[in-house]
Amino acid sequence: MLEIRDLHVTFETRNGAVDAVRGVDLDLAKGETLGLVGESGSGKSVTAFSILRILDSGGQIASGTLTYDGIDLSQANEAALNDLRGREISMIFQNPRAALNPIRKIGHQIEDVLRRHARATRYDARQKAIAALQEVKIHDAEARYHAYPFELSGGMCQRVVIAIALACQPRLLIADEPTTGLDVTTQKSVMDLVRQLSIARKMSVILITHDLGLAGEYCDQLVVMKDGQLVEQGAPATLTQTPQHSYTRRLVAATPLPGKAIHDLIEDGTPHDTPQISQETGLSVRNLEMTFAGKNGPVHALKGISFDLKWGGALGLVGESGSGKSTASSIIARLLDPTGGEVLFDGASITATPARAFVKDPRRSAIQMVFQDATDSLNPRHSARQAIAEPLKRLTKLGRSDRMARVFELAEKVGLPAPLLDRLPHQLSGGQKARVGIARALALEPKLLILDEPTAALDVSIQARVLNLLADLRESMGLTYLFVSHDLAVVKLLCDEVVVLRQGQIEEAGPAEDVLRSPKADYTKALLRGARWASLMDDVTPVTF
Amino acid sequence: MASRARIVGGRLLQAIPVVIGVVIITFVLTRALPGDPAAYFAGDAADEASIQQVREALGLDKSMPEQFLRYVGDLLRGDLGTSLSTGQSVLDDLARRLPASLELTLTALILSCIVAIPLGVMAATAPGSWKDHLCRVFVTAGVSLPTFFTGILLIYIFYFVLELAPAPLGRLDFIFIEPDPVTGFYLIDSAMARDWETFWGAAKQLVLPACTMALFTLAPIARMTRAAMLAALSSDYIRTARAAGLARRTVLMRYAFRNAMLPVVTTLGMVFSFALGANVLVEKVFAWPGIGSYAVDALVASDYAAVQGFVLTMALLFVALNLLIDLAYAAIDPRIGFDGA
C-alpha cells in the first residue's frame, strides 16, 4: 500500500544542509502495523512527516519516491495532498495536549475535519463528532464535546487526537510517539485502543517510537533506524532475540527488562557488588502531609506517607503523575515545607528548619538532588565547569585552585571528559548534561542523593549508561539513593526497596523484588501490566502476578 | 454569566486603590511643579499684595494637608475645580475635549489595525519573502518618522499640493454647525442626526490626523502580529490541523490567528494608552482641540486643577481599558477568566 524508495530528506540550517534521512526504503502492506524504532536524531519522525509532506520549514525531500496507492506523494501538489491528509492517511502525535488547539472546543476540532472531508454536513456534524468521541471510548461524550483541551487529562487528549485522526476512516495511521508523556497505565490503554481500532478497520499503522519494548508488543514488523538510515528490519521476535546489527544489539541490550541486571544494559558492563546496606536508618519520613490551596478548594498532594530508608540503601518512589512523588521528593530535599508530619535525617528532624533557611543548615550538603530535565536544570550561560563549581563556591570555603581540582576530580568520577568542561549546556549531549547534573550533586559529598526521574528525558542507550554510572557511584561512594520514577523497570534495576504512591497515599511498599514479583495492590498490578515488555522475550522470566 | 459579572466587579474593586493612589500622587506632583500659579495668574504688573490676594482666592495659602482635604472633598462632589487659563470648569473642558482625543485615537487605531494585522499575518505566512520585507519597511518607516513630521508632510501633500484635504484647523470647518453633543464623537453624533454633510465635513478633517497617528501605531501592532503568528504557526496543534488535511484558510484563521490574537490584544491595549498620551504632537499640528494639548497648556501655566483633572481622567481611562482587555482575553481564551486567575 505504501512504498518508500531511496528517500532522502535534507534540512536547510544556518550551518548548511543537514541530511536527516539518507536513503530509506520501506514497504507497508494493508492492515500491517510497522514499528519504526530509533533514538533521537535517527530520522524516524522526519520519515513519517515526509509521507504526509508536513516537514518543518527548511526541510524538503531531496530525492526518492513515496508511493501510496499508486500516487507519488513526493510529487503530488498541495491540493491533492490536503485531500489525502486526514482522509486516507492520518497522524497522531506525542504530547497530545499541545497537539490540540488550546482555545477551541474538542467537539469543534473533530467537526472541522469531518466537514473538511465532506463526511458531515452542518446538521449532522455534531452528532458525528460525538460518535467519533464514543468510538475512542470517551465516557459521557456528549458533555466532553464542549470541553477544551486544558480541561482533559493527557490520556483523554490523546484519545481526542486519535478521534480527530480516525474521524474520516483513513486507511493508514501514522502514530508518532503516541505514548510519550503519558502515564504507564494510560500508555497501555491508548496503545490498546489504537490496536483495536486498527484491527476493526483493517487499517495499516506506522508506529514511531524510541521504545523497543512497546514496538515489539504492538507491531508485526520492526524497522530500526539510526542516523537517517535503516539498520535492521524484521519480525519483532527475531529482531529482539537475534539482532544482527551491532546497533540493534546495543539497543536491545539497553532496554530494561525484568530479569536483567543493571550491567546487562551496556556491552562492557561489569557486575556490581551487593550493596552494603547498614542497619541504621538514614532517612525517616513520618506521616508526611502536604496540602496546596487550589482554585477549587484545597488539594491534598500527600495524605500522610511514612517510610524509612537505611544508610546505603536505594528506595524507589514510584507513581504516576499526580501521585505526590515529586511533592514528597521536594519536601525531603528541603525545597518545600510540609503542612504536616516530619522528615528525620540521621535521627534529627530536617523539617524543623524551614525550607528557606535550610540553605544555611549544615545538613544542606548532605542532601543533594539530581533533577529530571538535565537541560532545564542547568543555567544556559554557565559552562559545565561553572555548574559543577557552583555548590562548592556557595557552600564550601575552598579556594579557587582547590575548587578547580575538585571539579576535575568530579568530572572524572562521572565520566565527563575534561575538554568538555568549558562547554555550555547547549553544546553538550543529553547524556553529558545528565553527567554534569550528577557531578554537581556529588560536589558536596552528600550522604543522600535524591534522583528525580534522572533518565526520563534520555534515550535508552544513554539511560543505560547513566544508570550504570549511578550504580557505580553508589558502590564506590556508599551513597544512599531516593529514586523518584514512574518507570518500574528502571526502579527495579537500581533499587532495593519500592514505595508505590497513588493520589498522595502509599499503595504498597516493601523490598523491590517482592513488590514487583508478587504485587498485592491492584494498582501495582495495573502498573506492572502497563510495563508491557513482560511478554516480549521468552528467555527472560516474565513478571508473574 | 453571573461569574462574568463577578469578575468585572472584582476588577473594578481592584481599581479603587489605583485611583486613590493616582489622586494622591497627582496632588503631590502638581504641588511639586516649579512656578507659583498665584504669581502667574496675577499677571506681570501685580504687586506683592495682589499676588497674595490671588493666592488666598486659590486656597494656596492653606497648609498642604488642608488643601488636599479640600481637593478630595471637591472630587467626591464631582467638582474637578475651575481651570485658571480657560476660566471654565475643568469637568466641562474635559467633557468637550476628551471625545475629540478619543475619536482621533480610536479612528487611528482602527485604521492601523486594518492595515497592520493583515500585514503581520501576511509576513508571518511567508517569512523571508518580499511580503515579509514589505512589512518590515512599513514598520521601520512607521516608527522612525516622528508624528509631527508625518503630520506636516501629509498636510503639505494633501492640503497644500493636491488640495484634497481641508485646512488642518480642528475638528470641523466653520461652515458646518457642530452636531448636538450626544457622545461627543462628531462622526457618531452627526450620523445620528442624519446630518451627512456635517458627517463628511468631520470625516475629512479626521482623515489626515488619524492617518498620522495610524502610521505611528502601525509598527508595534504589525510586529506583534507577525511574531505571534509565527509562534502559533510553528506549534504542535497547527501540525495536527495540517496532518488532518484542513484547508489552509481554516488552519490560518481558525487555528493560528485566534491563538495569535492573545498577545496582539495586549499590545493593542498598550498602544492605545500610549497613543492617547502621545497625541499631543498630532493635536498641535492639526489644531485638534483634544486633551493632550489641553494638558500641556495647563502644565505650562501651572494650572493645578486642569492638570489634576487630566491625570485623573487618564488614570480612570486606563483602568477601564485594562478591564476591557481582560474581558477580551477571557472571551478569546477559555483557559482564563472564570476565577480571575
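Owing to the predicted nature of the structure, the values given are computational and were not obtained by experimental measurement.

Quick notes on the rules
- Residues numbered from 1 in each chain as written.
- Chains lettered and ligands numbered in written order.
- Predicted model: local features only at pLDDT ≥ 70, side-chain atom pairs only at ≥ 80, totals over all residues.
- Heavy atoms only, no water.
- Helix = DSSP H or I, 4+ residues; strand = E, 2+ residues; numbered from the N terminus.
- Buried < 20%, exposed > 50% of the residue type's maximum accessible area, 1.4 Å probe, protein only.
- Areas by Shrake-Rupley, 256 points an atom, 1.4 Å probe, with all protein chains shown as cover.
- Lys, Arg positive; Asp, Glu negative; His and termini not counted.
- Charge placed at Lys NZ, Arg CZ, Asp CG, Glu CD.
- UniProt positions renumbered as here; feature names shortened; annotations may be inferred.
- Patch = residues over 30% accessible without salt bridge, like charges linked within 9 Å, V, L, I, M, F, W, Y side chains within 5 Å.
- Salt bridge = Lys/Arg side-chain N within 4 Å of Asp/Glu carboxyl O.
- Phe/Tyr/Trp six-rings, centres within 6.5 Å; stacked < 30°, edge-to-face > 60°.
- Lys NZ or Arg CZ within 6 Å of the ring centre and 35° of its normal.
- Disulfide = S-S within 2.5 Å.
- Contact = heavy atoms within 4.5 Å.
- Polar contact = N/O pair within 3.5 Å; in protein donor to acceptor, adjacent residues only side chain to side chain.
- Nonpolar A, V, L, I, M, F, W, Y, C, P; charged D, E, K, R; others polar.
- Pairing = 2+ DSSP bridges.
- Axes fitted to C-alpha atoms, helices over the stretch in contact; angles between N-to-C directions.
- Expected span 1.5 Å × (residues − 1).
- Bend = angle between axes of the 7 residues up to and from the residue.
- 1 Å grid on protein atoms, 1.4 Å probe; cavity = no way out; pocket = protein on both sides within 12 Å on 5 of 7 lines; lining within 4 Å.
- Points joined across faces, edges and corners; volume = space filled by probe spheres on them.
- pLDDT = per-residue confidence, 0-100.
- Parallel < 35°, antiparallel > 145°, perpendicular 65-115°, else oblique.

A.B. asks: Can you break down the overall build of chain B residue by residue, with the values?
C.D. replies: In terms of helices and strands, chain B carries 13 helices and zero strands. Along chain B, from the amino end to the carboxyl end, the secondary structure elements read α-α-α-α-α-α-α-α-α-α-α-α-α. Per-residue burial over chain B gives 44% buried out of 341 residues. Accessible surface computed for chain B: about 17,300 Å², of which carbon and sulfur atoms make up 69%. Taking the average location of the 25 positive side-chain charges in chain B and that of its 27 negative ones, the two points are 18 Å from each other.

A.B. asks: Now, about the UniProt feature "domain: ABC transporter" (unreviewed entry) in chain A: what can you tell me, with residues and values included?
C.D. replies: Residues annotated by UniProt as "domain: ABC transporter" (unreviewed entry) correspond here to residues 2–252 and 285–528 of chain A. Between the end C-alpha atoms of residues 2–252 of chain A the distance is 27 Å, and the span holds 37% helix and 27% strand.

A.B. asks: Hey, could you go over a nonpolar patch on the surface for me, with residue numbers and the actual values?
C.D. replies: Taken together, the side chains of Leu145(B), Phe148(B), Phe149(B), Leu153(B), Tyr156(B), Ile157(B), Tyr159(B), Phe160(B), Val161(B), Leu162(B), Leu164(B) and Leu281(B) present a nonpolar region at the surface, about 1,100 Å² in accessible area. Along the polypeptide, Phe148(B) turns up in helix H7 (residues 147–161).

A.B. asks: Help me get a handle on the packing of aromatic side chains, residues and values and all.
C.D. replies: Applying the stated criterion across every chain, the model contains eight aromatic pairs over all chains. With 5.5 Å between their ring centres and 90 degrees between their planes, Trp311(A) and Phe345(A) make a pair best called edge-to-face. Of this pair, Trp311(A) sits in the loop between strand E12 (297–310) and strand E13 (314–318) while Phe345(A) sits in strand E14 (residues 340–345), and the two are 34 residues apart along the sequence. You can call Phe345(A) buried: its relative accessible area is 3%. Ring centres of Phe199(B) and Trp200(B) lie 5.8 Å apart, and the angle between their planes is 80 degrees; this geometry places the pair in the edge-to-face category. Across from the ring centre of Phe358(A), 5.8 Å away, lies the NZ or CZ of Arg334(A), which sits over that ring.

A.B. asks: Break down the state of the cysteines for me, citing the residues and quoting the values.
C.D. replies: Under the definition given, this model contains zero disulfides over all chains. No disulfide involves Cys168(A); its nearest neighbouring cysteine sulfur is the one of Cys157(A), lying 20 Å away.

A.B. asks: Tell me about the UniProt feature "transmembrane region" (unreviewed entry) in chain B, and name the residues and values.
C.D. replies: UniProt's entry tags residues 12–33, 104–125, 137–162, 202–222, 260–282 and 304–325 of chain B with the feature "transmembrane region" (unreviewed entry), counted in the numbering of this structure. As a span, residues 12–33 of chain B carries 95% helix and 0% strand, and end to end its C-alpha atoms are 31 Å apart.

A.B. asks: Explain the UniProt feature "domain: ABC transmembrane type-1" (unreviewed entry) in chain B residue by residue, including any values.
C.D. replies: As annotated in UniProt, the feature "domain: ABC transmembrane type-1" (unreviewed entry) corresponds to residues 98–329 of chain B in the numbering used here. Between the C-alpha atoms that bound residues 98–329 of chain B the distance is 26 Å, and the span itself is 80% helix and 0% strand.

A.B. asks: Please give an account of the interface of chain B and chain A that cites residues and values.
C.D. replies: At the interface, 21 residues of chain B touch 28 residues of chain A. Joining chain B to chain A, the criterion identifies one salt bridge. Along the contact surface separating chain B from chain A lie eight residue pairs in polar contact (both at pLDDT 80 or more). By residue number, the principal contributor to the side of chain B that touches chain A is helix H10 (residues 236–243) of chain B, which donates six residues. Of the residues that constitute the side of chain B that touches chain A, the class distribution is nine nonpolar, three polar and nine charged.

A.B. asks: If you had to explain the pairing of strand E3 (residues 33–37) of chain A to someone new, which residues and values would you point to?
C.D. replies: All names here are of chain A. In terms of residue burial, E3 counts as a mostly covered element, since five of its five residues are buried. Of the two faces of E3, the one carrying Thr33, Gly35 and Val37 and the one carrying Leu34 and Leu36 are both buried. Across five bridges, E3 lies against strand E8 (residues 204–209) in parallel orientation. Each bridged residue has a counterpart across the sheet, and for threonine 33 the counterpart in E8 is valine 205.

A.B. asks: Kindly report on the sheet that holds strand E4 (residues 59–68) of chain A, identifying the contributing residues and their values.
C.D. replies: Residue and element names in this part refer to chain A. The sheet built from four strands is open, its strands ordered E2-E1-E4-E5 with antiparallel pairing. The sheet is open, and its two edges are formed by strand E2 (16–28) and strand E5 (71–72), each paired on a single side. The sheet contacts of helix H1 (residues 44–52) involve strand E1 (2–13), E2 and E4, and relative to E1 the element is tilted by about 105 degrees.

A.B. asks: An account of helix H11 (residues 248–285) of chain B is requested, with residue identities and associated values reported.
C.D. replies: Helical geometry note: an α-helix holds 3.6 residues per turn, so side chains three or four residues apart project in the same direction. Given a rise of 1.5 Å per residue, 38 residues ought to cover 56 Å, yet the end C-alpha atoms of H11(B) are separated by just 45 Å, more than 12% below that figure. By the largest-angle criterion, Phe257(B) marks the main kink of H11(B), which is about 45 degrees.

A.B. asks: Outline the pattern of salt bridges, supporting the account with residue identities and numerical values.
C.D. replies: Residues and elements named next belong to chain A. On inspection of all chains with the given rule, the structure shows 31 salt bridges over all chains. Among the ionic pairs, arginine 286 bridges to aspartate 308, the shortest N-O distance being 2.8 Å. With arginine 286 in strand E11 (residues 281–294) and aspartate 308 in strand E12, this residue pair connects regions lying 22 residues apart in the sequence. Classification of arginine 286 by relative accessible area gives partly exposed; the value is 32%.

A.B. asks: For the environment of Ala203(B), give the residues involved together with the corresponding values.
C.D. replies: Residue and element names in this part refer to chain B. With respect to the secondary-structure elements, alanine 203 resides in helix H9 (residues 196–233). On the basis of relative accessible area, alanine 203 is assigned to the buried category, the value being 14%. Each C-alpha atom of the pair alanine 203 and glycine 292 lies 20 Å from the other, and the pair is 89 residues apart in sequence.

A.B. asks: Outline the side chain of Ser323(A), supporting the account with residue identities and numerical values.
C.D. replies: All names here are of chain A. Here serine 323 shows up in the loop between E13 and helix H11 (325–332). Taking the relative accessible area as the measure of exposure, serine 323 reaches 3% and is therefore buried. With near-sequence residues (within four places) excluded, serine 323 lies in contact with Ala301, Leu501, Arg502, Gln503 and Gly504.

A.B. asks: Mind laying out the sheet that holds E12(A), listing which residues take part and the relevant values?
C.D. replies: Residues and elements named next belong to chain A. The strand order across the open sheet formed by four strands is E12-E11-E14-E15, and the pairing between neighbours is antiparallel. Every interior strand has two partners, whereas the edge strands, E12 and strand E15 (348–349), have only one. By the bridge criterion, two bridges tie E14 to E15 in an arrangement that is antiparallel. Considered in E15, the bridge of leucine 344 is made with serine 349.

A.B. asks: Could you give me a rundown of the layout of surface pockets, with the residues and numbers involved?
C.D. replies: Here the second largest pocket is characterised by a volume of approximately 890 Å³. Along the walls of the second largest pocket sit 27 residues, with Leu55(A), Ser57(A), Leu233(B), Ile238(B) and Arg242(B) positioned nearest its centre. Those elements that provide at least two residues to the lining of the second largest pocket are E4 and helix H2 (78–84) of chain A together with helix H5 (90–125), H9, H10 and H11 of chain B. The leading source of residues in the lining of the second largest pocket is H10(B), at four residues. Looking at the lining of the second largest pocket, its residues break down into 12 nonpolar, seven polar and eight charged.

A.B. asks: Explain the pairing of E11(A) residue by residue, including any values.
C.D. replies: Residues and elements named next belong to chain A. Two strands pair when backbone bridges link them, and E11 and E12 are joined in this way by 11 bridges, in the antiparallel orientation. By the bridge assignment for E12, methionine 290 is matched with leucine 302. The antiparallel hairpin formed by E11 and E12 contains two residues in its connecting segment. Both E11 and E14 contribute to a ladder of five bridges, which runs antiparallel. Among the inter-strand pairings, leucine 283 is bridged to a residue of E14, identified as phenylalanine 345.

A.B. asks: Go over the confidence of the model for chain A, please, and point to the residues and values.
C.D. replies: Close reading of the predicted structure is inappropriate where its pLDDT is low. Confidence in the prediction of chain A, expressed as mean pLDDT, is 88, and 97% of residues score 70 or more. Note on residues 533–545 of chain A: pLDDT is under 50 here. Beyond four places in sequence and across chains, it has 34 contacts.

A.B. asks: Give me the lowdown on the packing of H11(B) against helix H13 (residues 304–332) of chain B, citing residues and values where you can.
C.D. replies: All names here are of chain B. Running from N to C, H11 and H13 cross one another at 170 degrees; their axes reach a closest spacing of 10 Å. In terms of their interaxial angle, H11 and H13 are classed as roughly antiparallel. Every residue of H13 that contacts H11 at Arg258, Met261, Leu262, Pro263, Val265, Thr266, Gly269, Phe272, Ser273, Leu276 and Gly277 is listed here: Met314, Leu317, Phe318, Leu321, Ile325, Ala328, Tyr329, Ala331 and Ile332. Its residues placed into classes, the contact of H11 with H13 shows 15 nonpolar, four polar and one charged.

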